[in-house]
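# Remarks on the overall topology
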Amino acid sequence: MIYYVLKYVVLGPLLRVLFRPRIEGLEHVPASGAAIVAGNHLSFADHFLMPAILKRRITFLAKSEYFTGSGLKGRLTAAFFHSIGQIPVDRTGKEAGQAAIREGLGVLRKGELLGIYPEGTRSHDGRLYKGKVGVAVMALRAGVPIVPCAMIGTFEAQPPGRVLPRIHPVAIRFGKPLDFSRYAGMENEKAILRAVTDELMYAILALSEQEYVDRYAADVKAELAGDPTARQPRFPRMPLS
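All chains use their own residue numbering, which begins from 1 and follows the written sequence. A pLDDT threshold of at least 70 governs which residues receive local features in this predicted model, and a stricter bar of 80 or more applies before side-chain atom pairs are shown or counted, although totals over entire chains, interfaces and linings include all residues. Heavy atoms from the whole structure form the basis of all side-chain values; hydrogens and water molecules are not counted.

## Looking at the pattern of salt bridges
Spelled out, the test is: Think of a salt bridge as a Lys or Arg side-chain nitrogen and an Asp or Glu carboxyl oxygen that are within 4 Å of each other. Every helix listed is a DSSP run of H or I at least four residues long, and every strand listed is a run of E at least two residues long, numbered separately from the N terminus.
For the structure on display, the rule yields 7 salt bridges. Residue Glu-24 is joined to Arg-22 by a salt bridge in which the shortest nitrogen-to-oxygen separation is 2.8 Å. Residue Glu-211 pairs with Arg-127 through a salt bridge whose shortest N-O separation is 3.7 Å. Within this pair, whereas Glu-211 is found in the loop between α7 (190-208) and β9 (212-213), its partner Arg-127 is found in the loop between β5 (113-116) and β6 (128-129), the two being separated by 84 residues in sequence.

Written out as structure tokens, the structure reads:
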């Protein structure tokens, strides 16, 4: 109930008036049945804009920090994410990835839309980073399509560290659903998971026209923060051609 009040009465209309988002390819999102919507992640505003323009309800796997913050901002954020039924996922520890997969599969088994950011974290510089294979595992196990999505302009509207978004043109693009049924039963093959994830990331790249970096965003962030345990790059940076 609260989800629909926010979507149609409070946040949805407000976001449409403020940002007047340009929507492209909305017809590619299935009108019914389970599917994954996987997009780039540039801003905290992404959590609000995509659900506001989709005709169907979508459930995101959200980092657990959004549910445990302190202070007024933390409490308001936690209340918001709880009210719209988003699922907290602890991203630390060895079982973090498996927990996220279990939660995601639970959403898909109910025939619902699952939203996920394959990069695993927000881009700190507006570039698109290497995708994690959890999205591929869920798509293959559940036998569902993945709809690539690109958020454009949200980094400029609310870059990391900015509390309130500024008014800036925003576009949301959806690509044709990617069907990976040819890999059914191969969700334990590392090479297959990597191939599926890379195909998805390049579909997002084509929609977003970002610069691509073939490294995990979390590793780059850790390196910039001076973490000596951050993984060193295995591949060179790949510019958008």
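Let us keep going from here.
## Examining helix α8 (residues 217-224)
In plain terms, the rule: With a 1.4 Å probe rolled over the protein chains alone, any residue whose accessible area is under 20% of its type maximum counts as buried; one over 50% counts as exposed, and the rest are partly exposed. In what follows, residue pairs with any heavy atoms lying within 4.5 Å of each other are defined as contacts.
Listing the buried residues of α8 in full gives Ala-217, Asp-219, Val-220 and Ala-222. Here the buried face of α8 lies against β6. Where α8 ends, the next residue or the one after it, Gly-226, has phi of about 85 degrees, a positive value.

## So, the packing of aromatic side chains
Between two aromatic rings, the relevant description is the distance of the centres plus the angle of the planes. The line we're drawing: Each Phe, Tyr or Trp ring (for Trp, its six-membered ring) is paired with any other whose centre lies within 6.5 Å, and the angle between the two planes then decides the class: stacked below 30 degrees, edge-to-face above 60, tilted in between.
Under the criterion given, the structure shown has 3 aromatic pairs. When the ring of Tyr-202 is compared with that of Tyr-212, the centres are 5.4 Å apart and the planes differ by 45 degrees; the resulting orientation is tilted. Residue Tyr-202 is located in helix α7, and its partner Tyr-212 is located in strand β9; the two are separated by 10 residues in the primary sequence. In this structure Tyr-212 comes out as buried when scored by relative accessible area, which is 2%.

## Quick look at the packing of helix α5 (residues 134-142) against α7
As a reminder, the rule being used: Axes here mean lines fitted to C-alpha atoms, for a helix over just the part in contact, with angles spanning 0 to 180 degrees between N-to-C directions. What sets the label is the angle itself: under 35 degrees gives roughly parallel, over 145 gives roughly antiparallel, 65 to 115 gives roughly perpendicular, and the rest give oblique. When residue character is reported, Ala, Val, Leu, Ile, Met, Phe, Trp, Tyr, Cys and Pro are called nonpolar, Asp, Glu, Lys and Arg charged, and the others, Gly included, polar.
Relative orientation of the contacting elements α5 and α7 amounts to 105 degrees, with a least axis distance of 8 Å. Taken together, the axes of α5 and α7 are roughly perpendicular relative to one another. When α5 is examined against α7, the residues Val-135, Ala-136, Val-137 and Leu-140 are found in contact with a partner set consisting of Ile-192, Leu-193, Val-196, Thr-197 and Leu-200. In the contact of α5 with α7, the residues fall into 8 nonpolar, 1 polar and no charged.

## Concerning the sheet that holds strand β3 (residues 58-63)
Short version of the rule: Only when DSSP finds a minimum of two bridges between them are two strands counted as paired.
The strand order across the open sheet built from 7 strands is β1-β8-β7-β2-β5-β3-β4, with neighbouring strands paired in mixed fashion. Either end of the sheet is taken by a strand with one partner, and the two such strands are β1 (22-24) and β4 (87-89). Averaged over all pairs of adjacent strands, the angle between their axes in this sheet comes to 25 degrees, without regard to strand direction. Helix α2 (residues 46-53) contacts β1, β2 (35-39), β3, β7 (146-152) and β8 (171-174) of the sheet and is inclined by roughly 60 degrees relative to β8. Along the sheet, α7 contacts β2, β7 and β8; its crossing angle with β7, the most-contacted strand, is approximately 35 degrees.

## Regarding a nonpolar patch on the surface
Heads up, the condition is: Only residues whose relative accessible area exceeds 30% and that form no salt bridge enter a patch; like-charged residues are grouped when within 9 Å of one another, and nonpolar side chains (Val, Leu, Ile, Met, Phe, Trp, Tyr) when within 5 Å. The protein chains shown are the only cover counted for residues, whose accessible areas, like all others here, come from Shrake-Rupley with a 1.4 Å probe.
Among the surface-exposed residues, Leu-14, Leu-18 and Ile-167 lie close enough to one another that they form a single nonpolar patch of about 280 Å² accessible area. Position of Ile-167 among the secondary structure elements: in the loop between α6 (154-157) and β8. Judged by its relative accessible area of 57%, Ile-167 is exposed.

## Observations concerning α2
Burial analysis of α2 places 8 of its 8 residues in the buried class, which makes it a mostly covered element. Within α2 the residues assigned to the buried category are Asp-46, His-47, Phe-48, Leu-49, Met-50, Pro-51, Ala-52 and Ile-53.

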